[in-house]
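Spelled out from the first residue to the last, the chains are:
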Amino acid sequence: MRSFTSISLCSGWFSSILLITCCAFAPQQHSYISRTCIPTHSHHLAKSYCTKHSSGSSLGVEWEDSMKRLASEALFPVLYSPSQFLLDDKRWRSMDDFAALLETCTGDRKKCEDTEKALKKLLRRYQRMASENNFCHEERQASRKRLAELVIGTSVMRLRHFYIFAKKWQEDHSCLLPEHTQSKYSNEPEHVILYIVQSMVDLHSEYMEQGGDVRDLGTFGIHFDNDLDRITYTYSLPRFLVKLLIEQYGAEKTESMVRVFNNPGPITIRRNRIKCPTDNILIDRLLDEDSVSSLPLLTIRTGADSTVPGPNGCLMLVANDAWSPYKKSIWSLNAWKDGWFEVQDAGSQLIAEATEAKPGDFVIDYCAGNGGKTFSIASQMYEADSHGLGIRKGCIIAHDVDDNRLRQLKGSLARIGIHSNETSVAIHTTIDPGVELKDRSADVVLVDVPCSSTGVLRRRPSQRFQLKEVEITRSFPSVQLQILMQASKLVKNGGSLIYGTCSISRYENEDVVMKFESQEGFDIFWEPWSFSTSEMTSTNHLEKSASKSNSHCRTLLPAQNGTDGFFIARWKRLC
């Protein structure tokens, strides 16, 4: 599974962005909008807020307004492309014009700026201003948090907020251009759009004050006569994606999933057995050194009243008064620096566990990326020589088409305790001299293919509006099948092949499995490798016959299992 951003972290969209915050505000020469439209966050205002905050009173209306203005400026190039203003001014006369542009931008990643990039630019500008004016620590921390919430949150909920605004405009046209924008520039589209963006930020602030609870849009006088439009605009997702999910899962199950996409995900980590032998030792260290509370994830939900065991060494971090990702980055914890744990969703850990790799095995991670599952498998294969009887030496070869990812993987080996001549498992990469992949050589081949990432949308804020229907239904499945076929050649007789995605689309999951199993000679060379836990077995959308079952497939859904969305299928080579 290929991450589309470098900050798709465990704690959900707001806290994941905040883990990289050390940035600040300063005017840019190439701003998309006139400097007169966005009042600057003055030194006087900052000092005023800092005094109020340190005395323990409220943050203040002026501070909140300044945060909204800065967020609006950052969101302007995210929601609307500057090239759109080259159109004839006569075009900009109705709300439908702006709605059409917003709809266009939600599906064309080349036209508009990425949300996370826009936020990082804003935070860098803010950091410079904070440094120049000696803002106090309390303001810096609160401002970074608030800007992240407003920028990421408004971007994610853009369709919902726009349609609420549009409804208000239909009722009262005068709300489109408020008094303070009436100037000789007020007929310019950019000023109108700026006000629309500002209004959407205001709506998101109200949304957050209500606890992020997605209320029925009927509350705002907006009614739909079908589930497709209702779910699309209530939860702010591309219409084609909602349509695909409803066709696959039905409206009720789809709504339960997309509701999860709009809320932060749990923070889960995986204990590295190479560095830390027990969960309790890691739990105690996190608490003693950094006041981080954590609990073993002993079970994963499979239904209303059923569970299965959680991944070995999986812990859930729990925010408390002393620690949260807003206050201290997970990557700044000493236990992480020392390689005692990795940040990884429980569902992702289950993919690695599905390999059932053992000490002494030869494993190929065919789409290794930065090595998340490579390291998970290494921890699984680790064998300590506690009795001086010797150890079985295992090996993992990490392969990826992106050499830079493999270099990043190699840079983490020392931290997690992998030393080729000292541990029971070695990790090599296909960019290492003399390392090559040979047919029918591996005990285990994991094929964690690039995918649409629809199962992890709560981790990747911008991803929902970068997706294209053709990618999910045609482009990805074609590439995935090709990669699976190539990787299958590497499995030796008696070895295992594991296919995984972080997608919840049947096109990338069950359909790819069916096409792989439809290859000529499949029944001669392969057999499905069933999971022992039937409760987590996929039961929908996979064609079955009297001689075949789908007990070798698992589907994890966010609303049902509490993890992110993943799919796993596996086989054994017969000959």
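Residues numbered from 1 in each chain as written. Predicted model: local features only at pLDDT ≥ 70, side-chain atom pairs only at ≥ 80, totals over all residues. Heavy atoms only, no water.

**Quick word on the overall build of the protein chain**
Moving on, step 1. Counting secondary structure elements, the protein chain contains 21 helices and 14 strands.
Moving on, step 2. Across the 575 residues that make up the protein chain, the buried fraction comes to 57%.
Moving on, step 3. Long-range pairs, those at least 24 residues apart, make up 77% of the contacts in the protein chain with a sequence separation of at least 6.
Moving on, step 4. Carbon together with sulfur atoms contributes 49% to the accessible area of the protein chain, which is approximately 24300 Å² in total. (Helix = DSSP H or I, 4+ residues; strand = E, 2+ residues; numbered from the N terminus. Buried < 20%, exposed > 50% of the residue type's maximum accessible area, 1.4 Å probe, protein only. Contact = heavy atoms within 4.5 Å. Areas by Shrake-Rupley, 256 points an atom, 1.4 Å probe, with all protein chains shown as cover.)

**Re the sheet that holds strand 1 (residues 267–271)**
Moving on, step 1. Spatially, the four strands line up as an open sheet ordered 2-5-1-6, and their pairing is antiparallel. Taken across any chain shown, the strands that pair with only one partner, and hence form the sheet edges, are strand 2 (293–296) and strand 6 (341–343). Looking at each pair of strands side by side, their axes are set apart by 35 degrees on average, direction ignored.
Moving on, step 2. Sheet strands in contact with helix 12 (residues 279–290) are strand 1, strand 2, strand 5 (314–318) and strand 6, and its direction is about 165 degrees off that of strand 2. (Pairing = 2+ DSSP bridges. Axes fitted to C-alpha atoms, helices over the stretch in contact; angles between N-to-C directions.)

**A word on the environment of Glu64**
Moving on, step 1. Tracing the backbone through its elements, the reader meets Glu64 in helix 3 (residues 61–79).
Moving on, step 2. Looking at Glu64, the relative accessible area reads 15%, which means it is buried.
Moving on, step 3. Distance in space between the C-alpha atoms of Glu64 and Arg146 is 8.5 Å, their sequence separation being 82 residues.
Moving on, step 4. The residues touching Glu64, leaving out its near neighbours within four places in the chain, are Arg146 and Ser205.

**Section: the packing of aromatic side chains**
Moving on, step 1. Taken as a whole, this structure holds nine aromatic pairs when the rule is applied.
Moving on, step 2. Measuring from ring centre to ring centre gives 4.4 Å for Tyr163 and Tyr233, while their planes differ by 45 degrees; the resulting arrangement is tilted. Pair noted here: Tyr163 is in helix 7 (residues 158–171) and Tyr233 is in helix 9 (residues 227–235), with a separation of 70 residues, a long-range link.
Moving on, step 3. Here Tyr233 falls in the buried class, since its relative accessible area comes to 9%.
Moving on, step 4. With a centroid separation of 6.4 Å and an interplanar angle of 70 degrees, the aromatic rings of Tyr499 and Phe567 are classed as edge-to-face. On the criterion of sequence distance, the pair formed by Tyr499 in strand 11 (residues 491–501) and Phe567 in strand 14 (residues 566–573) is long-range, its members being 68 residues apart. Grouping residues by exposure puts Tyr499 and Phe567 together as buried. (Phe/Tyr/Trp six-rings, centres within 6.5 Å; stacked < 30°, edge-to-face > 60°.)

**Structural notes on the pairing of strand 9 (residues 425–429)**
Moving on, step 1. Buried residues dominate strand 9, accounting for four of its five residues.
Moving on, step 2. Two elements, strand 8 (residues 394–398) and strand 9, share five bridges in a ladder whose sense is parallel. When the bridges of strand 9 are listed, Gly394 appears paired with Val425.

**Considering unusual backbone geometry**
Moving on, step 1. Unlike most non-glycine residues, Arg440 shows phi in positive territory, near 50 degrees.
Moving on, step 2. Counting through the fold element by element, Arg440 comes out in the loop between strand 9 and strand 10 (442–448).
Moving on, step 3. In this structure Arg440 comes out as partly exposed when scored by relative accessible area, which is 41%.
Moving on, step 4. A positive phi angle, near 65 degrees, is found at Ser453, a position not held by glycine.

**Digging into the pairing of strand 11**
Moving on, step 1. In terms of residue burial, strand 11 counts as a mostly covered element, since eight of its eleven residues are buried.
Moving on, step 2. Where strand 10 and strand 11 come together, six bridges link them in parallel fashion. Each bridged residue has a counterpart across the sheet, and for Asp448 the counterpart in strand 11 is Gly500.
Moving on, step 3. For the crossover from strand 10 across helix 18 (residues 469–488) to strand 11, the handedness is right-handed. (Right-handed = clockwise from strand over helix to strand, strands pointing away.)

**Considerations on the pattern of salt bridges**
Moving on, step 1. Taken as a whole, this structure holds 27 salt bridges when the rule is applied.
Moving on, step 2. Residue Arg146 pairs with Glu64 through a salt bridge whose shortest N-O separation is 2.5 Å. Of this pair, Arg146 sits in helix 6 (residues 137–156) while Glu64 sits in helix 3, and the two are 82 residues apart along the sequence. As far as burial versus exposure is concerned, Arg146 and Glu64 are alike and both buried.
Moving on, step 3. The shortest N-O distance in the salt bridge between Glu149 and Arg146 comes to 3.3 Å. On the criterion of helical spacing, the pair formed by Glu149 and Arg146 is a turn pair, its members being three residues apart in helix 6. Arg146 shares its class with Glu149; the two are buried. (Salt bridge = Lys/Arg side-chain N within 4 Å of Asp/Glu carboxyl O.)

**As for the packing of helix 9 against helix 10 (residues 239–249)**
Moving on, step 1. At a minimum axis separation of 9 Å, helix 9 and helix 10 run at an interaxial angle of 125 degrees. Relative to helix 10, the element helix 9 is oriented oblique. Both helix 9 and helix 10 take part in a crossing whose hand is right-handed. Contact residues: helix 9 offers Asp227, Leu228, Asp229, Ile231 and Thr232, while helix 10 offers Arg239, Val242, Lys243 and Ile246.
Moving on, step 2. In terms of residue class, the contact of helix 9 with helix 10 is made up of four nonpolar, one polar and four charged. (Parallel < 35°, antiparallel > 145°, perpendicular 65-115°, else oblique. Left-handed = near helix turned anticlockwise from the far one by under 90°. Nonpolar A, V, L, I, M, F, W, Y, C, P; charged D, E, K, R; others polar.)

**Observations regarding helix 10**
Moving on, step 1. Taken together, the buried positions of helix 10 are Phe240, Leu241, Val242, Leu244, Leu245, Gln248 and Tyr249.
Moving on, step 2. Buried residues belonging to helix 10 abut helix 9, helix 11 (251–261), helix 18, helix 19 (510–517) and strand 13 (553–556).
Moving on, step 3. Two residues or fewer after helix 10 comes Gly250, characterised by a positive phi angle close to 90 degrees.

**Comments concerning the packing of helix 10 against helix 11**
Moving on, step 1. Relative orientation of the contacting elements helix 10 and helix 11 amounts to 130 degrees, with a least axis distance of 7 Å. On the basis of their axis angle, the class for helix 10 and helix 11 is oblique. Here helix 10 runs over helix 11; the crossing is right-handed. Along its contact with helix 10, which presents Leu245, Ile246 and Tyr249, the element helix 11 presents Ala251, Lys253, Thr254, Met257 and Val258.
Moving on, step 2. Partitioning the contact of helix 10 with helix 11 into residue classes produces six nonpolar, one polar and one charged.

Remember that the coordinates give geometry; whether it matters functionally is a separate question.
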